[in-house]
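Chain and residue survey
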Amino acid sequence: MSGLAPLISIEELSEYLNVPTRTLHDWRLAGCGPRAVHVGRQLRYFITDVNEWLQEQREDVTGRAPERR
């Protein structure tokens, strides 16, 4: 399986971010969370997409939320 980007489940992402899976679902529907991949009926997340999304959430200036693009 070398060469394939690693995927994590919504439960794993929920645990990593310390947010409920419901929040991740809500973020998806609002278009403000990390991009997901459907694998059958399950949602999976590319680790690279999660890292990219987290970088976008980083404060531009300490104490200020990032500007929404």
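Everything in this summary refers to the structure shown in the same document. Since the model is a prediction, treat every value here as computed from it, not as a measurement. (Residues numbered from 1 in each chain as written. Predicted model: local features only at pLDDT ≥ 70, side-chain atom pairs only at ≥ 80, totals over all residues. Heavy atoms only, no water.)

So, on to the packing of helix α1 (residues 10–17) against helix α2 (residues 21–30). Packing of α1 against α2 brings their axes to within 9 Å, and their N-to-C directions diverge by 105°. As summarised for this structure, α1 and α2 are arranged roughly perpendicular, according to the angle between their axes. Along the contact surface, α1 presents Ile10, Glu11, Leu13, Ser14 and Leu17, while α2 presents Thr21, Leu24, His25 and Trp27. (Axes fitted to C-alpha atoms, helices over the stretch in contact; angles between N-to-C directions. Helix = DSSP H or I, 4+ residues; strand = E, 2+ residues; numbered from the N terminus. Parallel < 35°, antiparallel > 145°, perpendicular 65-115°, else oblique. Contact = heavy atoms within 4.5 Å.)

So, about the pattern of salt bridges. The tally for this structure, following the rule as stated, stands at two salt bridges. The shortest N-O distance in the salt bridge between arginine 22 and aspartate 26 comes to 3.2 Å. Taken as a pair, arginine 22 and aspartate 26 lie in helix α2 at a separation of four residues, close to a single helical turn. For aspartate 26, a relative accessible area of 39% corresponds to the partly exposed category. One salt bridge in this structure joins aspartate 49 and arginine 35, with 3.7 Å as the shortest N-O distance. Of the two residues, aspartate 49 is situated in helix α3 (residues 47–57) and arginine 35 in the loop between α2 and β2 (37–39); the sequence distance between them amounts to 14 residues. (Salt bridge = Lys/Arg side-chain N within 4 Å of Asp/Glu carboxyl O. Buried < 20%, exposed > 50% of the residue type's maximum accessible area, 1.4 Å probe, protein only.)

Take the pairing of strand β3 (residues 42–46) next. The alternating pattern of β3 places Leu43 and Tyr45 on a buried face, while none of Gln42, Arg44 and Phe46, on the opposite face, is buried. Judged from the three bridges that link them, strand β1 (residues 7–9) and β3 form a sheet pairing that is antiparallel. When the bridges of β3 are listed, leucine 7 appears paired with phenylalanine 46. With three bridges joining them, β2 and β3 adopt antiparallel strand pairing. The partner of valine 37 across the bridge, within β3, is arginine 44. In this structure, the hairpin formed by β2 and β3 is closed by a connection of two residues, where glycine 40 is found at a positive phi of approximately 65°. (Pairing = 2+ DSSP bridges.)

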